[in-house]
Amino acid sequence: MLDIQAIRSHFPILTQTVNGKPLVYFDNAATSQKPQVVIDAISKYYSEINANIHRGVHTLSQLATDAYEVSRHTIQRHINAKHAHEVLFTSGTTHGINLVANGFTQFVKAGDAVMVSAMEHHSNIVPWQMLCERTGASLRVIPMNEKGELVLEEFEKLLDENVKIVSVNHISNALGTINPVKFIIDKAHAVGAAVFIDGAQASPHLSIDVQALDADFYAFSGHKMCGPTGTGILYGKEAWLNKLPPYQGGGEMIKEVTFEKTTYADLPHKFEAGTPHIAGGIVLGTAVDYLNSIGLDNIAAYEHELLEYGTQKLSEIEGIQLVGTAKEKASVLSFNLAGIHPYDVGTIVDKMGIAVRTGHHCAQPVMNAFCIPGTIRASFAFYNTKQEIDALIAAVKKAQMMLG
Ligand SMILES: *Cc1c(COP(=O)(O)O)cnc(C)c1O
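Every value quoted in this text rests on a predicted model; they were computed, and no experiment measured them.

This part takes up a nonpolar patch on the surface. On the surface, Ile254, Val257 and Tyr264 cluster together to form a nonpolar patch covering roughly 260 Å² of accessible area. Its place among the elements puts Val257 in strand 11 (residues 254–257).

Here it is, written out as structure tokens:
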């Protein structure tokens, strides 16, 4: 059992009032709040060890470099990567996807195919479309059913030797669906396709084992898992990272530079050009340690309780449409009220101090599939409570009365 009140006291922002009401923060799928240990670690870095990394013999530079590499090892253990140099620091999931989609330009040709699913975030669609435009490859899309689950028989039909890479999310940010990524990875490997997993929504809620999954690439964002914005991780299997060309050229990613020819640094530095977000990278390790101190299994179990409670309470409201009712779901509730625009509900709910997201959640194709302009989305974290869900239900009912 988690002591939720103790956990809440780790997050200073949760004591705020918004519009005169206690803040209820239900926009965790957009970004999570930060615990005091993370906030303090940022301040400590800039107060005590700020220096550029991998460059100086001086003491501070070595301290900063050590802390940065310690964080890389923390994250390596956290996702069970075989090697620390398979763990690349990025600015976020979007960066990781673009890095690989760009690198794949040389492995994909006209007539080949790239596969995504019908429930992807725009950042896991657009970079692959751009790859297709550059190469003449075609984009294949795994369909989903009316519950928001991938149709696996269709996926298998779409798979053949022309598919060079399959990129799907582990958990959908718009629907909460947890996808059977292990199944997808195994089937894709059987036809020789690589697999990229967008783990932006999974990393805050599930423990991840990239070796057990046998994922070729796995990306996530720091800011959705209690870490700083502008941080993220791209895991890639060593063999793939050695094959892929660098994404950006610059300092730190080279072995030797002459005007005739430049040779590239070994992993991971080949993919880490320029001065990175040093404080962010170090503190992402702090955030991972914090999550592990609570335990991702405990987090997943508690959030599932919140999901069931919220689903039950919301379903009791007349005229409610739940969008995304997959059997395997994370703590995301997307819904609509009959005849009312999601934006109007969001505005009224905000007046009552409750932060929800309204709109298409960077997943317009998902909204198109359900023939809706958007949804109201409440996404729960382990610091949320059933009382807060009650407040949301009351606010939604009030909005319905005012707008209905
Ligand atoms: C948030 C999110 C992204 C993009 O992450 P950034 O942090 O904005 O780079 C990609 N995919 C999914 C499923 C997401 O939830």
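Counting buried residues along strand 8 (residues 194–198), 5 of its 5 residues qualify, which places the element largely inside the surrounding structure. A two-sided burial pattern is seen for strand 8, the buried positions comprising Ala194, Phe196 and Asp198 on one face and Val195 and Ile197 on the other. Bridge count between strand 7 (residues 163–169) and strand 8: 5 bridges; the pairing is parallel. Each residue of the ladder has a partner; that of Asn169, found in strand 8, is Asp198. In this fold, the crossover linking strand 7 to strand 8 by way of helix 7 (residues 181–190) has right-handed handedness. Sheet topology places strand 8 next to strand 9 (residues 217–221); 3 bridges connect them, and they run parallel. Bridging from a neighbouring strand, Ile197 pairs with Tyr218 of strand 9.

In this section: the site of the ligand. Contacts to the ligand come from Gly92, Thr93, Thr94, His121, Ser123, Asn173, Asp198, Ala200, Gln201, Ser221, His223 and Lys224. At 3.4 Å, a backbone N or O of Thr93 approaches an oxygen atom of the ligand. His223 has a polar side-chain atom sitting 2.8 Å from an oxygen atom of the ligand. Residue classes in the shell around the ligand are distributed as 1 nonpolar, 9 polar and 2 charged.

This part is about helix 11 (residues 296–315). In an α-helix, one turn spans 3.6 residues, which is why side chains three or four residues apart end up on the same side. With 20 residues, helix 11 extends 28 Å from end C-alpha to end C-alpha; this agrees with the ideal 28 Å at 1.5 Å per step. Summarising the contacts, the buried residues of helix 11 are in contact with helix 1 (4–8), helix 3 (59–79), helix 10 (278–294), strand 13 (320–323), strand 14 (332–337) and helix 14 (386–403).

Okay, the side chain of Thr385 next. Relative to the elements of secondary structure, Thr385 occurs in the loop between strand 17 (375–379) and helix 14. The exposure class assigned to Thr385 is buried, which follows from its relative accessible area of 8%. Once you skip the residues sitting within four places of it in the chain, Thr385 turns out to touch Ile4, Gln5, Arg8, Tyr302 and Leu306.

Ranked by size, the top nonpolar core spans 104 residues in total, and within it Ile7, Phe26, Val166, Tyr218, Val366 and Phe382 carry the most contacts. In terms of residues, this core owes the most to one element, helix 10, which gives 10 residues. Counting contributing residues, this core receives three or more from each of domain 1 (4–30 + 296–403) and domain 2 (39–293). Other than its neighbours up to four places away in sequence, Ile7 contacts Leu2, Tyr290, Ile294, Phe382 and Tyr383. Within the second largest apolar cluster, 24 residues are counted, among which are Val100, Phe196, Phe217 and Leu267.

Attention now moves to the sheet that holds strand 8. The strand order 4-10-9-8-7-5-6 describes an open sheet built from 7 strands, whose pairing is mixed. Looking at strand neighbours, the two that pair on one side only are strand 4 (87–90) and strand 6 (138–142), the edges of this open sheet. With strand direction ignored, the average angle separating the axes of adjacent strands in the sheet is 20°. Note: strand 4 against strand 10 (residues 232–236), 4 bridges, orientation antiparallel. Looking at the pairing, Phe89 lines up with Ile233 of strand 10.

Between helix 2 (residues 36–49) and helix 10, the shortest axis-to-axis distance is 9 Å and the interhelical angle comes to 150°. Viewed along their axes, helix 2 and helix 10 adopt a mutual orientation that is roughly antiparallel. In this structure, helix 2 crosses over helix 10, and the sense of that crossing is right-handed. Contacts from Val37, Val38, Ala41, Ile42, Tyr45 and Tyr46 in helix 2 reach Ile278, Ala279, Ile282, Val283, Thr286, Ala287 and Tyr290 in helix 10. Across the contact of helix 2 with helix 10, the residue classes break down as 12 nonpolar, 1 polar and no charged.

Quick look at helix 10 now. A rise of 1.5 Å per residue sets the reference length of helix 10, with its 17 residues, at 24 Å; its end C-alpha atoms lie 25 Å apart and thus fit the reference within 8%. The element helix 10 is largely enclosed, with a buried count of 13 among its 17 residues. One or two positions beyond helix 10, positive phi appears at Gly295, with a value near 100°.

The sites that carry the UniProt feature "domain: Aminotransferase class V" (unreviewed entry) are, in the present numbering, residues 24–392. Helix makes up 39% of residues 24–392 and strand 18%, whereas the separation of the span's terminal C-alpha atoms amounts to 8 Å.

One way to put it is that helix 2 packs onto helix 3 with a least axis distance of 10 Å and a crossing angle of 155°. It follows from the interaxial angle that helix 2 and helix 3 lie roughly antiparallel. Mapping the contact onto sequence places Tyr45, Glu48 and Ile49 in helix 2 and Leu60, Leu63, Ala64 and Ala67 in helix 3. A class-by-class count of the residues in the contact of helix 2 with helix 3 yields 6 nonpolar, no polar and 1 charged.

Moving on, we come to the side chain of Asn98. Residue placement: Asn98 occurs in helix 4 (residues 93–103). Note on Asn98: relative accessible area 16%, which makes it buried. In this structure the side chain of Asn98 is engaged in a polar contact, spanning 2.8 Å, whose partner is the backbone oxygen of Thr94. Excluding its chain neighbours within four sequence positions, the residues that come into contact with Asn98 are Pro127 and Tyr247.

Calculation criteria
- Position labels on residues start from 1 in each chain and follow its written sequence.
- Only residues with pLDDT of at least 70 get local features here, since the model is predicted, and only at 80 or more are side-chain atom pairs given and counted; chain-wide, interface and lining totals rely on the full set of residues.
- Side-chain descriptors were evaluated using all non-hydrogen atoms of the structure, hydrogens and water having been removed beforehand.
- Two distance rules govern patches: like charges are joined within 9 Å, and nonpolar side chains (Val, Leu, Ile, Met, Phe, Trp, Tyr) within 5 Å, applied only to residues with over 30% relative accessible area and no salt bridge.
- Per-residue and other accessible areas were derived by the Shrake-Rupley procedure at a 1.4 Å probe size, with only the shown protein chains allowed to occlude residues.
- A carboxyl oxygen of Asp or Glu within 4 Å of a side-chain nitrogen of Lys or Arg is what we treat as a salt bridge.
- The numbering of helices and of strands both runs from the N terminus, where a helix is a DSSP run of H or I of at least 4 residues and a strand a run of E of at least 2.
- Throughout, exposure labels follow a simple rule: accessible area from a 1.4 Å probe, protein chains only, divided by the maximum for the residue type, with under 20% read as buried, over 50% as exposed, and the rest as partly exposed.
- The rule for pairing is simple: two strands pair if DSSP sees at least two bridges between them.
- Looking down the strands as they point away from the viewer, one classifies a crossover as right-handed if the path from the first strand across the helix to the second runs clockwise.
- The rule for a residue being near a molecule or strand is that one of its heavy atoms must lie within 4 Å of it.
- Within 3.5 Å is the distance limit for a polar contact, defined as a pair of N or O atoms, with the added protein rule that one can donate a hydrogen and the other accept it, and that residues adjacent in sequence qualify only through two side-chain atoms.
- Under the convention adopted here, Pro, Cys and the residues Ala, Val, Leu, Ile, Met, Phe, Trp and Tyr are nonpolar, Asp, Glu, Lys and Arg are charged, and Gly plus all remaining residues are polar.
- Every helix has an expected span of 1.5 Å times one less than the residues it contains.
- Here, residues are in contact when the closest pair of their heavy atoms is within 4.5 Å.
- What makes a nonpolar core is a set of buried Ala, Val, Leu, Ile, Met, Phe, Trp, Tyr and Cys residues whose side-chain atoms join them at distances within 4.5 Å.
- Each domain's limits were defined by an automated method or a database of domain assignments.
- Lines are fitted to the C-alpha atoms to define the axes, a helix being fitted only along its stretch in contact, and any angle between axes, read from their N-to-C directions, falls within 0 to 180 degrees.
- For this classification, under 35 degrees means roughly parallel, over 145 means roughly antiparallel, 65 to 115 means roughly perpendicular, and everything else is oblique.
- Working rule for handedness: look at the near helix, and if it is turned counterclockwise from the far one by less than a right angle, call the crossing left-handed; if clockwise, right-handed.
- UniProt positions are given in the numbering used here, feature names are shortened, and annotations may be inferred rather than shown by experiment.

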